[in-house]
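# Structure assessment
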Amino acid sequence: MSTTRLLLLGVVRIFQPAYGYQLRRELLTWNVQDWANINPGSIYTGLRTLAKHGYLQELEQDGAHRPGRTSYKLTADGETEYFSLLRGMLWTVDGFHPDKMQATISFMWSLRRDEVIAALEARIAQLESWLKSEPFSERAILEDPGTPNHVVEMFRITTARDSGELQWTREFLDRIRNGDYAFAGEPADWAPYPGMVTHWGEIPDPPPGPHNQH
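Summarised in this report is the structure supplied together with it. (Residues numbered from 1 in each chain as written. Predicted model: local features only at pLDDT ≥ 70, side-chain atom pairs only at ≥ 80, totals over all residues. Heavy atoms only, no water.)

### As for the overall build of the protein chain
- Within the protein chain, the secondary structure is distributed over 8 helices and 3 strands.
- In the protein chain, the succession of α and β elements from N to C terminus is α-β-α-α-α-β-β-α-α-α-α.
- A burial count over the protein chain gives 40% of its 214 residues as buried.
- Long-range pairs, those at least 24 residues apart, make up 65% of the contacts in the protein chain between residues at least 6 apart in sequence. (Helix = DSSP H or I, 4+ residues; strand = E, 2+ residues; numbered from the N terminus. Buried < 20%, exposed > 50% of the residue type's maximum accessible area, 1.4 Å probe, protein only. Contact = heavy atoms within 4.5 Å.)

As structure tokens, then:
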């Protein structure tokens, strides 16, 4: 649900105000139905739910409330929720839900470069810690007569995923340190359609709490 919420808030934030059918069409070009497990038919429902919870404002056309013909924009609460979700997924590794990082990459540009660097450093530390503990998890399984030995392969496939993500994160971090891509407050490194990006130049508030310490 958190990935879906971030994707919906993020795509509205890019195009706002935009009609539901425009947002649905855009998300389908991202193939979210494959990697984020989003049913295309549920996108309209998700938008209405976010509006019901006060994260989106519905702008009805001629007073008509019809799926796809209602346009949306973020409320102040929606803006807060967007950054909370984005930062939560960026700073925390969730190996069982790779869709969270996939969604984060889509909107990482709305944070400042120094925060993204700090967050990737934190992700590397988390992954290194998990990989260091993995052999001991294997040993515990193999030494437990009440657990089938094949269970150890569950740990090994997780380790393979974590190792791959660790390698990618290190390389991605190097690219960002070397100036690749564009982040909040920086000139865009691509040419969006006119009116497409409304928040590119805005610099977000620093993250609250322990993230400030990184």
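### Description of the sheet that holds strand β2 (residues 56–60)
- With respect to topology, 3 strands assemble into an open sheet ordered β1-β3-β2, the strand pairing being antiparallel. Both edges of this open sheet fall to β1 (18–19) and β2, since each of them pairs with a single strand only.
- Across 5 bridges, the pairing between β2 and strand β3 (residues 70–74) is antiparallel. Each residue of the ladder has a partner; that of E60, found in β3, is T70.
- Most of the contacts of helix α1 (residues 2–15) go to β3, to which it runs at about 95°, and overall it touches β1, β2 and β3. (Pairing = 2+ DSSP bridges. Axes fitted to C-alpha atoms, helices over the stretch in contact; angles between N-to-C directions.)

### Let's talk about α1
- The end-to-end C-alpha distance of α1 is 20 Å, a good match for the 20 Å that 14 residues give at a rise of 1.5 Å each.
- Within α1, 10 of the 14 residues are buried, leaving the element largely enclosed by the surrounding structure.
- Of all the residues in α1, the buried ones are T3, L6, L7, L8, L9, G10, V11, V12, R13 and I14. (Expected span 1.5 Å × (residues − 1).)

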